[in-house]
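Each chain is listed here by its residues.
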Amino acid sequence: MVDSFRHKGMRKKLVDTIKRKGIMDHRILEAVGNIPRHLFLDSSFLEFAYEDKPFPIGSGQTISQPYTVAFQTELLDIKQGDKVLEIGTGSGYQACVLAELGAKVFTVERQKKLFQKTKAFLLTIGYRQIKCFYGDGYKGIPAFAPYDKILITAAAPEIPKLLTDQLRVGGYFVIPLGSSDVQTMIRIGKKEDGSLHQEKFGAFRFVPLLKNKAED
Ligand code: SAH
């Protein structure tokens, strides 16, 4: 798997683009600058890998737009050693950005083929600190709860109760919320008394969060 000077040059431009769009955290910019995004797409799509756009990755799914990945990561305010639950592994790109920031990542994917492919791929490129699970993200992974941070990378029609239960007090939960074409990015914080506090961060477009696991 090749990561050439050309790829690195394209990546640098992508970092400039998302910086211009408002991403400030230099650790996130460095992560985007480090991760060979072209390896997450089929090799014939090199030209698209470093555009600030989402892209189909098979099984009807997409790799999120780099700006969106960076934006959700910024909202999570990742600290070294944070335990993070991601719902919607997809290509694994977002999980790698979180891992680059020092998070211990637990990520769930409902499509079996995609789960198998991404799990193997992440090991190949050396991200052993990311644990991949096949299952229904609505249920989370109670065995490793509570999480410092939780992230959904698909459009959620409602806030999944089983996930807020798995968020630690003082933690953040970032969700593109809504069932129409466009969702509102929201961040939920959990207070000492267990109550939830919500903030809104603008409009985004995601593929839908679906119920249950799929076999293919
Ligand atoms: N984070 C990904 C982008 C994910 S696209 C990346 O960086 O590439 C959304 C993903 O969520 C898809 O792969 C889809 O199959 C998955 N998904 C949808 N509903 C889900 C559910 N209930 N549980 C787990 N994954 C789900």
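In the block above lies the structure referred to throughout.
Values in this document were obtained by computation on a predicted structure and should not be read as measured data.

**Student:** What exactly am I supposed to notice about the pairing of strand β9 (residues 196–204) here?
**Tutor:** Successive residues of a regular strand alternate their side chains across the two faces of the sheet. Looking at chain direction, strand β8 (residues 183–190) and β9 are connected through 7 bridges and run antiparallel. The residue bridging Lys 190 from the neighbouring strand is Leu 196, located in β9. Linking β8 back to β9 in an antiparallel pair, the connection comprises 5 residues, with Gly 194 at a positive phi of about 90°.

**Student:** I would appreciate a short explanation of the side chain of Thr 68 in the present structure.
**Tutor:** Relative to the helices and strands, Thr 68 is located in helix α4 (residues 66–76). Excluding residues that lie within four positions of it along the chain, Thr 68 makes contacts with Phe 204 and Phe 206.

**Student:** What should I look at first to understand the sheet that holds strand β5 (residues 130–134) in this one?
**Tutor:** What holds strands together in a sheet is hydrogen bonding between their backbones, with the strands either parallel or antiparallel. Strand order across the open sheet formed by 7 strands is β5-β4-β3-β6-β7-β8-β9, with mixed pairing between neighbours. The two strands at the open ends of the sheet, each matched to only one other strand, are β5 and β9. Each neighbouring strand pair of the sheet contributes to a mean axis angle of 15°, computed without reference to strand direction. Both strand β3 (residues 83–87) and strand β6 (residues 147–152) contribute to a ladder of 4 bridges, which runs parallel. Looking at β6, one finds that Leu 85 is bridged to Ile 150. Lying over the sheet, α4 contacts β6, β7 (167–177), β8 and β9, oriented at roughly 155° with respect to β7. Sheet strands touched by helix α6 (residues 112–124): β4 (104–109) and β5. Its angle to β5, the strand with the most contacts, is close to 165°.

**Student:** I keep staring at the pattern of salt bridges and nothing clicks. Help me out?
**Tutor:** Here the idea is simple: oppositely charged side chains can pair when their charged atoms come close. Counted by the stated rule, this structure contains 11 salt bridges. Of the charged contacts, one joins Arg 27 and Asp 25 as a salt bridge, the two residues approaching to 3.1 Å between their closest N and O atoms. Note on Arg 27: relative accessible area 28%, which makes it partly exposed. Where Glu 158 meets Lys 211, a salt bridge forms, and the shortest distance between an N and an O atom there is 3.7 Å. Here Glu 158, found in the loop between β6 and α7 (161–164), pairs with Lys 211, found in the segment after β9; they are 53 residues apart in sequence, far enough to count as distant. Classification of Lys 211 by relative accessible area gives partly exposed; the value is 48%.

**Student:** Can you walk me through the packing of aromatic side chains in this structure?
**Tutor:** The geometry of an aromatic ring pair comes down to the distance between the two centres and the angle between the two planes. Tallied over the entire structure, the rule returns 10 aromatic pairs. Residues Phe 106 and Phe 133 carry aromatic rings whose centres are separated by 6.3 Å and whose planes lie at 25° to one another, so their mutual orientation is stacked. You can see Phe 106 sitting in strand β4 and its partner Phe 133 sitting in strand β5, a full 27 residues away along the chain. Take Phe 106: its relative accessible area is 8%, and that puts it in the buried class. Here a set of aromatic residues connected by ring pairs shows up, and it is made of Phe 106, Phe 133, Phe 144 and Tyr 147. Its guanidinium or amino end placed over the ring of Tyr 93, Arg 37 lies 4.9 Å from that ring's centre, counting from NZ or CZ.

Rules used in this analysis
Residues numbered from 1 in each chain as written. Predicted model: local features only at pLDDT ≥ 70, side-chain atom pairs only at ≥ 80, totals over all residues. Heavy atoms only, no water. Pairing = 2+ DSSP bridges. Helix = DSSP H or I, 4+ residues; strand = E, 2+ residues; numbered from the N terminus. Contact = heavy atoms within 4.5 Å. Axes fitted to C-alpha atoms, helices over the stretch in contact; angles between N-to-C directions. Salt bridge = Lys/Arg side-chain N within 4 Å of Asp/Glu carboxyl O. Buried < 20%, exposed > 50% of the residue type's maximum accessible area, 1.4 Å probe, protein only. Phe/Tyr/Trp six-rings, centres within 6.5 Å; stacked < 30°, edge-to-face > 60°. Lys NZ or Arg CZ within 6 Å of the ring centre and 35° of its normal.

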